[in-house]
Amino acid sequence: MAPFTMLGKRARPFRASRSSSVIDDRSAQDVRQRTDRAHRVSQHEHFHSGCDPSPEETPTLESPLLVHRNPVHRIRLTLAATFAFAALLADNVAHATTLAFPVLAPVFSKLETSLHDRPVVTDLAFLLGLIVLVMMAYAARHIAFTLNRLFGKQRHPYLDIDTADWPMLTVFIAAHNEEKVIAGCLTALLNSDYPENRLKIVPVNDRSQDRTQSIIDGFAQRFPDRIHPFHRLTGKPGKAAALKDALPLAEGDIALIFDADYIPGKGLLRQLAAPFFDPEVGAVMGRVVPVNGGSNLLTRLLDLERSAGYQVDQQARMNLRLVPQYGGTVGGIRRSAVDAVGGWNDDALAEDTDITFRLLIHGWKTVYSNRSECFEEVPEEWSVRIRQVRRWAKGHNQVLARQWRGLWGSRFLSAREKVDGFMLLTIFAVPPLLLLGWGLALTLYYLNASSLVALVLPVFAVMAYGTLGNFATFYEIVMAVLLDGNRRRVRLLPINLLCFFVSLFAITWASVELVTDRLLQRELVWHKTLRYRSASPT
């Protein structure tokens, strides 16, 4: 007898030996029993939702009951269908595996017995197994990136461009209440070795309430031919909205963007402009290095995190021709490319992620330049760090909801680019999944389902799940420390678990808030990161 499939159709029979015929007949009989049970569960749900459970009103794919307007009724039907689908899927997996590996027949026999006796517990264990697979995929991804940085070929394709007919460049400085740092950024840009007649500096003062405007105006009076301020007094709050309003002031096709707390080096503008000689490049990103990394324990931990994210993760994606990410600062965009994909979205909390994926989907490349370093301030207080992570998580998941279909449907991307892009796009959706997995594990433990979990989850998978968790960045941190030549910092690695757990709960909190904001139709709010330098005297 051919095995029963999930869609109720007959599939091509498996080739099996005579010894497997008993397993085949028993599996087919169990599948029929499971189908009857799923049918009874569906009837039970209709009975309790006020529907007549008579056979003639049993819901089908064409039944109007499945599109009932009562949301509670629809949720209950969805849960019933989910359990039925899980039962059928488990049956098919067990059937195929026992045919391929007859020695596993006793294991799946116990699993089927548990499915008969405790269907909900079995479904929870099956869901936990899927979560473990997701975590292992992310762990494998980060390990692959680490090994690439250690043994792979390193790509820096545009670094050697030193002399060229440099294009007209407009540098935008996003500033909102930046009196403490704006002078340092402007001074560093004025000291750049980029040709003065090809450089326009535009400080974007976005509704500042401190001395930011007067400081910018002071620089503009001293350097009227080089600094052209843009004071934005009204309009939608947020960096994306401010840049959208300021971009028409740009001259030339290349625009570089810095946050006001960044201090670019003398040759950084040339390094960031060089990749745009490649007509396929739509965006470029440099490396971010904390300038206050030694201030306290938090900044030291964030210094490790930044090192792993740029020195290993971003560079490995560049090496493997995957999906480097434009980070919104210490980088630039090709204006014609941005215009071609619809311009800036002024309602995006993470405008950098948004523009990265819209360019990617339409075939434009993003280049990462690891040796183009620029210094920034990282948060020195945990409350500021938590707000920053929550903003990143909301913005990133907002882009996920908007762009995942376009990513998979893009005709310009290879399969591996789509997979890596999707894993990058879902990185801030994984922490809630991780917490759900921990909750499921505890639930199954207290339901006395440890023997079932042992059947579903191999020991090595549990170890990988518990040790590596979501980000699996610890391998990357060690490699980044070695590459940076400061091995003493690796002693902070165990303490970095503190950052991991804080980010885990902050991201989950933000994800829940994003869902509630969407349901209640609340507008997303952009929160500025606090600065710590002394206010500029000019």
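This one's a predicted model, so the numbers in the text were calculated from it and none came from an experiment.

**Q** Is there a simple way to think about the overall build of the chain in this case?
**A** Of regular secondary structure, the chain possesses 18 helices and eight strands. With 538 residues in all, the chain has 51% of them scored as buried. Long-range contacts, defined as pairs at least 24 residues apart, comprise 81% of the intrachain contacts of the chain with a sequence gap of at least 6. As displayed, the chain offers around 26000 Å² of accessible surface, 60% of which is attributable to carbon and sulfur atoms.

**Q** What's the story with helix α18 (residues 496–520) in this structure? I'm lost.
**A** Because each turn of an α-helix spans 3.6 residues, side chains separated by three or four positions end up pointing in the same direction. Compared with the 36 Å implied by 1.5 Å per residue over 25 residues, the 36 Å span of α18 between its first and last C-alpha is a close match. Taken from the residues just after α18, Gln 521 is the one with a positive phi, measuring 60°.

**Q** Can you help me understand the sheet that holds strand β1 (residues 169–175) in this one?
**A** Taking strand neighbours across the sheet as the criterion, the eight strands line up as β3-β2-β1-β4-β7-β6-β8-β5 in an open arrangement whose pairing is mixed. Each edge of the open sheet is held by one strand with a lone partner, namely β3 (230–232) and β5 (263–264).

**Q** How should I be thinking about the side chain of Ser 410 in this particular structure?
**A** For Ser 410, the position within the fold is in the loop between α12 (382–409) and α13 (415–425). Reaching out from Ser 410, the side chain makes a polar contact with the backbone nitrogen of Phe 412 at a distance of 3.2 Å.

**Q** What exactly am I supposed to notice about the nonpolar core here?
**A** Soluble globular proteins tend to pack their nonpolar side chains together in the buried interior. Ranked by size, the top nonpolar core spans 62 residues in total, and within it Phe 172, Leu 256, Phe 258 and Leu 269 carry the most contacts. Here this core gets six residues from one element, more than from any other, and that element is helix α5 (residues 182–190). When near neighbours in sequence (up to four residues on either side) are disregarded, Phe 172 contacts Val 202, Val 204, Leu 243, Ala 246, Leu 247, Ala 250, Ala 255, Leu 256, Ile 257 and Phe 258. Counting residues in hydrophobic clusters, the runner-up holds 21 residues, among them Val 121, Val 430, Leu 504 and Ile 507.

**Q** Sorry, what's going on with unusual backbone geometry here?
**A** Generally, phi is negative for residues other than glycine and the peptide bonds are trans, each holding for most cases. Phi is positive for Asn 177, which is not a glycine, with a value near 55°. Summarising the element assignment, Asn 177 is placed in the loop between β1 and α5. The class of Asn 177 is partly exposed, set by a relative accessible area of 25%. For Arg 321, which is not a glycine, the phi torsion comes out positive at approximately 55°. With respect to the helices and strands, Arg 321 occurs in the loop between α9 (297–319) and β7 (331–334).

**Q** Hey, could you run me through α5 in this one?
**A** Across the nine residues that make up α5, a large majority, seven, are buried. Burial in α5 covers these residues: Ile 182, Ala 183, Cys 185, Leu 186, Ala 188, Leu 189 and Leu 190. For α5, the elements touching its buried residues are β1, β2 (199–206), α6 (212–222), β4 (254–259), β5 and α8 (268–273).

**Q** Just to check I follow, could you spell out the packing of aromatic side chains for this structure?
**A** Aromatic ring pairs are described here by two measures, namely the spacing of the ring centres and the angle between the planes. One pass over the full model with this rule turns up six aromatic pairs. Ring centres of Trp 166 and Tyr 194 lie 5.9 Å apart, and the angle between their planes is 55°; on these two criteria the pair is classed as tilted. Of this pair, Trp 166 sits in the loop between α4 (119–151) and β1 while Tyr 194 is found in the loop between α5 and β2, placing the two residues 28 residues apart along the sequence. Taking the relative accessible area as the measure of exposure, Tyr 194 reaches 2% and is therefore buried. Relative to Phe 277, the ring of Trp 166 lies with its centre 5.8 Å away and its plane at 50°, an arrangement referred to as tilted. On the criterion of sequence distance, the pair formed by Trp 166 in the loop between α4 and β1 and Phe 277 in the loop between α8 and β6 (281–290) is long-range, its members being 111 residues apart.

**Q** Hey, could you run me through the pairing of β4 in this one?
**A** Of all the six residues making up β4, six are buried; the element is thus mostly covered by neighbouring parts of the structure. Burial along β4 is two-sided: the face carrying Ile 254, Leu 256 and Phe 258 and the face carrying Ala 255, Ile 257 and Asp 259 are both buried. Relative to β4, β1 runs parallel, the two being bridged by six bridges. When the bridges of β4 are listed, Phe 172 appears paired with Ile 257. By the bridge criterion, four bridges tie β4 to β7 in an arrangement that is antiparallel. Residue Ala 255 lies in a different strand from β7, and its bridge partner there is Ile 333.

The rules we used
- Residues numbered from 1 in each chain as written.
- Predicted model: local features only at pLDDT ≥ 70, side-chain atom pairs only at ≥ 80, totals over all residues.
- Heavy atoms only, no water.
- Helix = DSSP H or I, 4+ residues; strand = E, 2+ residues; numbered from the N terminus.
- Buried < 20%, exposed > 50% of the residue type's maximum accessible area, 1.4 Å probe, protein only.
- Contact = heavy atoms within 4.5 Å.
- Areas by Shrake-Rupley, 256 points an atom, 1.4 Å probe, with all protein chains shown as cover.
- Expected span 1.5 Å × (residues − 1).
- Pairing = 2+ DSSP bridges.
- Polar contact = N/O pair within 3.5 Å; in protein donor to acceptor, adjacent residues only side chain to side chain.
- Core = buried A, V, L, I, M, F, W, Y, C linked by side-chain atoms within 4.5 Å.
- Phe/Tyr/Trp six-rings, centres within 6.5 Å; stacked < 30°, edge-to-face > 60°.

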